[in-house]
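Coordinate analysis (summary)
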Amino acid sequence: MGKFRGWHIVAGIAAMVLTGILGTAMGLNNTATFMSSCVAFVAVSMWMDSRISRRRRETARETAREAARRDAARQSGAELTLDPDSHKQDGLGH
């Protein structure tokens, strides 16, 4: 079935419902409540979509950087480690 890609729609619908409840509680007529709910739906779904896209772009960039680092380490013959003292263990320290 894959990953669910409709979170921006779900957030927009939630904003639409909340705006409808608030509009009714404020005493707006049905037309004004519906129009404000539609505006809230579009605004929230577009904002959420941009946030999701930005996060996916940053994750893809980070993954590409890590892959490039691993490839460079393999080509140079050195093992990429997170240990700051690893050069001392290999006998390469000064």
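Given the structure is predicted, the values throughout are model-derived calculations rather than measurements. (Residues numbered from 1 in each chain as written. Predicted model: local features only at pLDDT ≥ 70, side-chain atom pairs only at ≥ 80, totals over all residues. Heavy atoms only, no water.)

1. Let's talk about the overall build of the protein chain
Summing up its helical and strand segments, the protein chain has three helices and zero strands in all. Reading the protein chain from its N terminus to its C terminus gives the helix and strand order α-α-α. The 94 residues of the protein chain split such that 15% are buried. Residue pairs in contact within the protein chain that sit at least 24 positions apart in sequence constitute 52% of those at least 6 positions apart. Accessible surface computed for the protein chain: about 7,900 Å², of which carbon and sulfur atoms make up 62%. (Helix = DSSP H or I, 4+ residues; strand = E, 2+ residues; numbered from the N terminus. Buried < 20%, exposed > 50% of the residue type's maximum accessible area, 1.4 Å probe, protein only. Contact = heavy atoms within 4.5 Å. Areas by Shrake-Rupley, 256 points an atom, 1.4 Å probe, with all protein chains shown as cover.)

2. Brief notes about a nonpolar patch on the surface
Together, Ile9, Ile13, Val17 and Ile21 make up a nonpolar patch on the protein surface, roughly 350 Å² of accessible area in all. By the element assignment, isoleucine 9 lies in helix α1 (residues 7-26). Residue isoleucine 9 is classed as partly exposed on the basis of its relative accessible area of 35%. (Patch = residues over 30% accessible without salt bridge, like charges linked within 9 Å, V, L, I, M, F, W, Y side chains within 5 Å. Salt bridge = Lys/Arg side-chain N within 4 Å of Asp/Glu carboxyl O.)

3. Some remarks on α1
Think of an α-helix as turning once every 3.6 residues; residues three or four places apart then point the same way. Between the first and last C-alpha of α1 there are 28 Å, a value that for 20 residues agrees with the 28 Å anticipated at 1.5 Å per step. For α1, the complete set of buried residues consists of His8, Ala11, Gly12, Ala15, Gly20 and Gly23. Looking at the residues trailing α1, positive phi occurs at glycine 27, about 90°. (Expected span 1.5 Å × (residues − 1).)

4. Description of a positive patch on the surface
A contiguous patch of positive charge, built from Arg51, Arg54, Arg55, Arg57 and Arg61, is present on the exposed surface. Considering the arrangement of structural elements, one finds arginine 55 in helix α2 (residues 30-76). For arginine 55, a relative accessible area of 61% puts it in the exposed group. (Lys, Arg positive; Asp, Glu negative; His and termini not counted. Charge placed at Lys NZ, Arg CZ, Asp CG, Glu CD.)

5. Section: the confidence of the model for the protein chain
On average, residues of the protein chain score 85 in pLDDT, and 79% of them are at 70 or above. Summarising per-element confidence for the protein chain, the mean pLDDT is lowest in helix α3 (residues 86-89) (58) and highest in α1 (95). (pLDDT = per-residue confidence, 0-100.)

6. Structural notes on the side chain of serine 45
Mapped onto the secondary structure, serine 45 falls in helix α2. Residue classification places serine 45 among the buried positions, given a relative accessible area of 8%. One polar contact links the side chain of serine 45 to the main-chain carbonyl oxygen of valine 42, over a distance of 3.2 Å. The contact partners of serine 45, leaving out residues within four places of it in the chain, are His8 and Gly12. (Polar contact = N/O pair within 3.5 Å; in protein donor to acceptor, adjacent residues only side chain to side chain.)

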